[in-house]
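A look at the structure
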Amino acid sequence: MVKIEYSNKTKQQLQLNCDSSVLNRIRDRFSAPNPAFRRNSRFSQPRVYAITPSGKCDSGLLDNVLAFLQANQIQVELDVEIEQLKNLGFDSPIIKRFDLTYRSHQETSIEKALKKGNGVVIIPTAGGKTLIMAGLIESLRENLKNENALVLVTVPTIQLVEQTCADFISYGMTKVTKWSGDNKPDPDATTIIAGTQILLSDKTDLSILDDVKILMVDECHCIKKNNEINSVFKFIKTPFKFGFTGTMPSTIIDEWNIIGKLGPIVYQEKTEDLKNKKFISNFKIIILNVIHRNIPKITLNFSKPAEAYQSEMDFLLQNNRRNEIICNLANKLQNNTIIMVDRIDHGINIVSKLEQITKKPFYFIRGSTEMEERENIRSLMNEKNDIIVVAISKIFSTGINIPNLHNIIFASAGKAKIKIMQSIGRALRLHPTKTMANIFDISDNTKYGKTHLKERKKLYDTEKFKYEEKNIQ
């Protein structure tokens, strides 16, 4: 028998009370190998757990825990308050509508989120996630019979604060305010769009979070297990919490952390399905295998394993021939192109090559680029063609709305699932001039280059993305 109750008054965590043997079975189910484990370190543990040795876990994991107990025929007793959490949603919810018509997946995701009362909605980039958020907010207010319920929407960047606020207002929402940098929230507003950085600032007064009735976390894949933002969510006591993302993290512990904070996955739409419904642009992935003949021999130092990878990256990103291939490709492509890079020095190398070969206008967007300039470049790309933008992937892979974008070049080697999926999504928004978006995956015949390409291919295969390969000798 497992008895489940809240562990404290904040109701942020559950307490599982049962025999140690049963608890160990549950904990093992919600654990994963620790990628940082080192056998020669006494402080390193072979596995990481979503449930503590005393039986505590985030309340959003309730459905997952109950599913495991049921599958293993383990009896369970729920405290009265836990029963309320389990039945948080609305049986026959009212869906609030704007002048815009919801697409089928948008309406279904709003309905499922309302029926559950919390949880995560997975919608690929260009699938209309912002409209879903706005519709869910107004629908929740309608079903709660509280038109002035205070809503907090968190987004990871200042640019997304501006963009989300503008989108909400364009849908017809009122009393919307921004909270980021120099923008202080309007005390009369009922929807606050906040950048995560302002919430993490030591100078920020978080007392307003006590009054939040609905929490919306955009790009919730950013909530990893050890991120600082987790501490902020402890101040938000409402059970009505929702997350939105285009793709969940590749590690199950990070996925459980998101579910624990926000609730179970209530709806998921695939990129391939949206493409088949013609809600996003058709696209093709072209893998360009650059064949290097002068690969330096790199010796692996087992005491410093990262050094070998770093040496290979230095070779690739400073390689004149490789950078020329990337720049010549961008110069030949028609319409607008983004070259994604991970490092500033690589971006500088690319820009210096572009200066020598192209007559097209080109720009370099990095962390130091002012927000106004970023917005100007984004607007310019939506208005004109044959613009090349070199962009740091952390800045441009998430939340940037450029429908008039036809080509993306992955100039940096890597295998990060979220970065790849979010970056591809940049080119998938529909535009009258776009019949096909082109994604160019630059690959290399180096040790890590070949390994990372295999991982990217696995991701493409899982997502049913078609791709073709070409060798560049």
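Notes on the structure follow. Remember, it's a predicted structure, so these values are computed and weren't measured experimentally.

**Here we look at the packing of aromatic side chains**
- Taken as a whole, this structure holds 7 aromatic pairs when the rule is applied.
- Ring geometry for Phe 283 and Phe 465: centres 5.1 Å apart, planes at 85 degrees, overall edge-to-face. Here the residue Phe 283 occupies a position in strand 14 (residues 283–290), and Phe 465 occupies one in the loop between helix 17 (447–462) and strand 20 (467–472), the gap between them amounting to 182 residues.
- The class for Phe 283 is buried, based on a relative accessible area of 6%.
- Taken together, a centroid distance of 5.3 Å and an interplanar angle of 90 degrees make the contact between Tyr 309 and Tyr 448 edge-to-face. Linking Tyr 309 in helix 11 (residues 306–317) with Tyr 448 in helix 17, this pair joins segments that are 139 residues apart in sequence.
- Using a relative accessible area of 27% as the deciding quantity, one classes Tyr 309 as partly exposed.
- Within the aromatic cluster, the residues linked to one another by ring pairs are Phe 30, Phe 68 and Trp 256.
- Between the NZ or CZ atom of Lys 275 and the centre of the ring of Phe 283, over which it lies, the distance is 5.3 Å.

**Focus: the pairing of strand 12 (residues 241–245)**
- The buried count for strand 12 comes to 5 of 5 residues, which makes it a mostly enclosed element.
- By the alternation rule, side chains of strand 12 split into Lys 241, Gly 243 and Thr 245 and Phe 242 and Phe 244, which are all buried.
- In terms of strand pairing, strand 7 (residues 119–122) meets strand 12 through 4 bridges, oriented parallel. Residue pairing across strands places Val 121 opposite Phe 244, the latter belonging to strand 12.

**Some details on helix 17**
- Here helix 17 contains 16 residues, and its C-alpha end-to-end distance of 23 Å stays within 8% of the 22 Å for a straight helix at 1.5 Å per residue.
- Taken residue by residue, helix 17 has Tyr 448, Gly 449, His 452, Leu 453, Arg 456, Leu 459 and Tyr 460 as its buried positions. Down the axis of helix 17, the smallest arc covering the buried residues is 130 degrees, so these residues share one side. Away from its buried face, by an angle of more than 90 degrees, helix 17 presents the exposed residues Lys 447, Lys 454 and Thr 462.
- Its buried side turned inward, helix 17 meets strand 14, helix 11, strand 18 (407–410), helix 16 (417–425), strand 19 (437–444) and strand 20.

**Observations concerning the sheet that holds strand 11 (residues 214–218)**
- Pairing is parallel across the open sheet formed by 7 strands, whose spatial order is 9-10-8-11-12-7-13. Strands at the two margins of the open sheet, each flanked by one partner only, are strand 9 (176–179) and strand 13 (265–268). Each strand of the sheet is rotated relative to its neighbour by a mean of 20 degrees, with strand direction disregarded.
- Here strand 11 runs beside strand 12; their pairing, made up of 4 bridges, is parallel. Among the inter-strand pairings, Met 216 is bridged to a residue of strand 12, identified as Phe 242.
- In the packing of helix 4 (residues 104–116) onto the sheet, the strands contacted are strand 7, strand 12 and strand 13, and the crossing angle to strand 13 comes to about 175 degrees.

**Describing the state of the cysteines**
- Counted under the stated rule, the structure contains 0 disulfides.
- Residue Cys 18 stays outside any disulfide, its sulfur separated by 11 Å from that of Cys 57, the closest cysteine.
- Judged by relative accessible area, Cys 18 falls into the partly exposed class, the value being 25%.

**Here's the deal with the environment of Thr 177**
- Mapped onto the fold, Thr 177 is located in strand 9.
- Sequence-wise, Thr 177 and Lys 332 are 155 residues apart; in three dimensions their C-alpha atoms are separated by 43 Å.
- Beyond its immediate chain neighbours, meaning those up to four positions away, Thr 177 contacts Lys 184, Pro 185, Asp 186, Ala 189, Thr 191, Ile 192 and Ile 193.

**Here we look at the side chain of Ser 59**
- Counting through the fold element by element, Ser 59 comes out in the loop between strand 5 (56–58) and helix 2 (62–71).
- The contact partners of Ser 59, leaving out residues within four places of it in the chain, are Tyr 6, Lys 11, Gln 12, Gln 13, Leu 14, Leu 85 and Gly 260.

**Comments concerning the pattern of salt bridges**
- Scanning the model with the defined rule gives 22 salt bridges in all.
- Here Asp 342 makes a salt bridge to Lys 419, at a shortest N to O gap of 2.8 Å. Highlighted residues: Asp 342 in the loop between strand 15 (337–341) and helix 13 (344–357) and Lys 419 in helix 16, separated in sequence by 77 residues.
- Given the relative accessible area of 32%, Asp 342 is considered partly exposed.
- The class for Lys 419 is partly exposed, based on a relative accessible area of 24%.
- Bridged by salt links that share partners, the residues Lys 129, Asp 218 and Glu 219 form one connected network.

**Observations concerning the sheet that holds strand 15**
- Read from one edge of the open sheet, 7 strands run 16-17-15-18-19-14-20, paired in parallel fashion. Each end of this open sheet is capped by a strand with a single partner; those strands are strand 16 (362–365) and strand 20. Ignoring strand direction, the axes of neighbouring strands in this sheet form an average angle of 20 degrees.

**Observations concerning the pairing of strand 17 (residues 388–392)**
- The buried fraction of strand 17 is high, at 5 of 5 residues.
- Covered by surrounding structure in strand 17 are Ile 388, Val 390 and Ile 392 together with Val 389 and Ala 391, the residues of both alternating faces.
- Summarising the sheet, strand 15 and strand 17 pair through 5 bridges and their orientation is parallel. Within strand 17, the position partnered with Val 341 by the bridge is Ile 392.
- For the handedness criterion, the β-α-β arrangement of strand 16, helix 14 (residues 371–383) and strand 17 is classed as right-handed.

**A few points about the environment of Asp 254**
- With respect to the helices, strands and loops of the structure, Asp 254 is situated in helix 9 (residues 252–262).
- Judged by relative accessible area, Asp 254 falls into the buried class, the value being 13%.
- Taking the C-alpha atoms as reference, Asp 254 lies 8.9 Å from Asn 226; in sequence the two are 28 residues apart.
- A distance of 2.7 Å separates a polar atom in the side chain of Asp 254 from a polar atom in the side chain of Thr 251.

Definitions and cut-offs
What you see as residue numbers is a count from 1 along each chain, following the sequence as written. Reporting in this predicted model follows two pLDDT cut-offs: at least 70 for local features of residues, and 80 or more for side-chain atom pairs to be given and counted; totals over whole chains, interfaces and linings ignore these cut-offs and use all residues. Only hydrogens and water are removed before side-chain values are computed, so all heavy atoms of the structure are retained for them. For Phe, Tyr and Trp, where Trp contributes only its six-membered ring, two rings pair if their centres lie within 6.5 Å, and the inter-plane angle classes them as stacked under 30 degrees, edge-to-face over 60, or tilted in between. Only runs of H or I of at least four residues qualify as helices and only runs of E of at least two qualify as strands under DSSP, and these elements are numbered from the N terminus. Classification of residues uses two cut-offs on accessible area relative to the type maximum, computed with a 1.4 Å probe and protein chains only: under 20% is buried, over 50% is exposed, and between them is partly exposed. A ring has a charge above it when a Lys NZ or an Arg CZ is no more than 6 Å from the ring centre and no more than 35 degrees off the ring normal. Any two strands with at least two DSSP bridges between them are considered paired. Given the number of residues in a helix, its expected span is that number minus one, multiplied by 1.5 Å. Within this analysis, the arc is defined by the directions that extend from the helix axis to the C-beta atoms. Throughout, a residue-residue contact means that at least one pair of heavy atoms, one from each residue, lies within 4.5 Å. A fitted line through C-alpha atoms represents every axis, and for helices the fit uses only the stretch in contact; the resulting angles, taken between N-to-C directions, go from 0 to 180 degrees. The disulfide definition used here is simple: a pair of cysteine sulfur atoms within 2.5 Å. A carboxyl oxygen of Asp or Glu within 4 Å of a side-chain nitrogen of Lys or Arg is what we treat as a salt bridge. Handedness rule for crossovers: strands pointing away from the viewer, path from the first strand over the helix to the second running clockwise, crossover right-handed. Under this definition, polar contacts are N or O atom pairs within 3.5 Å; protein pairs additionally need one hydrogen-donor-capable and one acceptor-capable atom, and for neighbouring residues in sequence, both atoms have to be side-chain atoms.

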